[in-house]
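Structural characterization, general
The residues making up each chain are set out below.
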Amino acid sequence: MSLTLKGKVVKVLDVESGVSRSGNSWKKQEFVLETQDQFPKKVCFTLFNDKIALLSGFSGGEEIEV
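None of the values given here were measured: they were computed from a predicted structure.

Describing the overall build of the protein
- Within the protein, the secondary structure is distributed over zero helices and five strands.
- Ordered by position from the N terminus, the helices and strands of the protein form the series β-β-β-β-β.
- The C-alpha atoms of the protein give a radius of gyration of 14 Å, which is well past the 11 Å a tight globule of 66 residues would have.
- Each principal axis of the C-alpha atoms in the protein carries an extent, and together these give about 45 × 30 × 15 Å.
- Relative to all contacts within the protein whose residues are 6 or more apart in sequence, the contacts with residues 24 or more apart total 43%.
- For the protein, the accessible surface area stands at approximately 5,100 Å², while carbon and sulfur atoms represent 51% of it.

Cut-offs and rules
Residues numbered from 1 in each chain as written. Predicted model: local features only at pLDDT ≥ 70, side-chain atom pairs only at ≥ 80, totals over all residues. Heavy atoms only, no water. Helix = DSSP H or I, 4+ residues; strand = E, 2+ residues; numbered from the N terminus. Rg over C-alpha atoms; globule rule 2.2 N^0.38 Å. Contact = heavy atoms within 4.5 Å. Areas by Shrake-Rupley, 256 points an atom, 1.4 Å probe, with all protein chains shown as cover.

Written as structure tokens, this is what we have:
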């Protein structure tokens, strides 16, 4: 099963980073997407490590499909 959402980027949060217990470094960035349905929903999704680069050029207000 796959879940696909289409909507407008409402908010791009700052990149967070840290080090895990095992000593590996990690980064994450969260994005808030608003659907364009009859009853719009706001959905937050998170990208980790190298996946952050996939949406690095996007800013608030742009239409994307996740």
